[in-house]
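# Close look at the chain arrangement
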Amino acid sequence: MFLFILAIPLLLGLAFGVPPPAVLALIGSTLLLQAAAAVVGLSLGLHPAVVLVFLTSVAVAVMIGILEVCDLFAGRSRMVQGLLRKIDEKAGKIDYLKRYGALMLIPIIWIPGIALYGAPVVAWLFQYPRITSLLCMTAGWMIAGTAVMAAAVGLVRLAF
């Protein structure tokens, strides 16, 4: 996980001509500020698309890492396995939750306090397919990052 959090953004930095200190600032701010880290990227003078690519690469690495840690706990803890069975029994009774529930991850990743660190846990608890969950969380993350950047440059103010 740490390799992906560092290696991919540093390689992207080389590709986009972003100096390593700026890349490290983006990584750290993403881990601390989550989608609000887009403001840091913009303040470094980076193009909004580049900022979004950097933030998304870090976010996806964090999401995958959290899902892997959850799998590790499930494999070693009978209490967690029992919790998963109970959640699956209750959620299984609600057809639309199993069918469309992963879509709820799109707005969940916008909620401060849950966001980047809680959404993968929600996906894991409800046992949504891994790829579907990652796609929904990534889409939500990109929407949130774009909204933060729009607010930062004043586009939201122009719309209202």
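Along each chain, the written sequence defines residue order, and numbers are assigned to residues from 1. With pLDDT at 70 or above as the cut-off, local features in this predicted model cover only qualifying residues; side-chain atom pairs require 80 or more to be listed or tallied, and sums for whole chains, interfaces and linings still use all residues. Calculation of side-chain values draws on the structure's entire complement of heavy atoms; hydrogens and water are dropped beforehand.

Attention shifts here to the overall build of the protein. Comment: elements are numbered from the N terminus, with helices defined as DSSP H or I runs of at least four residues and strands as E runs of at least two. Looking only at helices and strands, the protein has 10 helices and 0 strands in total. The order of helices and strands in the protein, counted from the N terminus, is α-α-α-α-α-α-α-α-α-α. Residue contacts are defined here by distance: any two heavy atoms, one from each residue, within 4.5 Å place the two residues in contact. Long-range contacts, defined as pairs at least 24 residues apart, comprise 69% of the intrachain contacts of the protein with a sequence gap of at least 6. A 1.4 Å probe and the Shrake-Rupley method give the accessible areas. Residues count as covered only by the protein chains that appear here. Of the roughly 9200 Å² that the protein leaves accessible, carbon and sulfur atoms contribute 74%. Under this rule, positive means Lys or Arg and negative means Asp or Glu; His and the chain ends count for nothing. Every charge is mapped to an atom, namely NZ of Lys, CZ of Arg, CG of Asp or CD of Glu. Here the protein holds 10 positive side-chain charges and 5 negative ones, and the gap between their average locations is 5 Å.

Moving on, we get to helix H1 (residues 2-16). Multiplying 1.5 Å by the helix residue count minus one yields the expected span of that helix. Relative to the 21 Å expected for 15 residues at 1.5 Å per residue, H1 spans 21 Å between its end C-alpha atoms, a close match to the ideal helical length. Residue burial is assigned from relative accessible area. The probe radius is 1.4 Å, only protein chains are included, and a residue is buried under 20% of its type maximum, exposed over 50%, and partly exposed in between. If you check which residues of H1 are buried, you get Ile 5, Pro 9, Leu 12 and Gly 13. Projected onto a plane normal to the axis of H1, the buried residues spread over an arc of 105° and lie on a single side. Exposed and facing more than 90 degrees away from the buried side of H1 are Leu 3, Leu 11, Leu 14 and Ala 15. Packed against the buried residues of H1 are helix H2 (20-33) and helix H4 (48-76). For this quantity, the arc is that covered by the directions from the helix axis to the C-beta atoms.

Attention shifts here to the pattern of salt bridges. Any carboxyl oxygen of Asp or Glu within 4 Å of a side-chain nitrogen of Lys or Arg constitutes a salt bridge here. Considering all chains together, one arrives at 2 salt bridges under this definition. Across the pair Glu 68 and Arg 130 runs a salt bridge whose closest N-O atoms are separated by 3.1 Å. In this pair, Glu 68 sits in helix H4 while Arg 130 sits in helix H9 (residues 130-153), placing the two residues 62 residues apart along the sequence. Classification of Glu 68 as partly exposed rests on a relative accessible area of 44%. Salt-bridge contacts for Arg 130 lead to Asp 71; the nearest nitrogen and oxygen are separated by 2.6 Å. Highlighted residues: Arg 130 in helix H9 and Asp 71 in helix H4, separated in sequence by 59 residues. By relative accessible area, which is 29% here, Arg 130 ends up partly exposed. When salt bridges with common partners are traced through the structure, they connect Glu 68, Asp 71 and Arg 130 into a single cluster.

We call a set of buried residues a nonpolar core when its members are Ala, Val, Leu, Ile, Met, Phe, Trp, Tyr or Cys and they connect through side-chain atoms within 4.5 Å of each other. Counting 44 residues, the largest nonpolar core has Met 63, Leu 105, Met 137 and Trp 141 as the members making the most contacts within it. Residue assignment for this core shows that the elements contributing at least two residues are H1, H2, helix H3 (37-43), H4, helix H5 (78-92), helix H7 (105-108), helix H8 (115-125) and H9. With 14 residues, the single largest contributor to this core is H4. The residues touching Met 63, leaving out its near neighbours within four places in the chain, are Ile 109, Leu 116, Pro 120, Leu 134, Met 137, Thr 138 and Trp 141.

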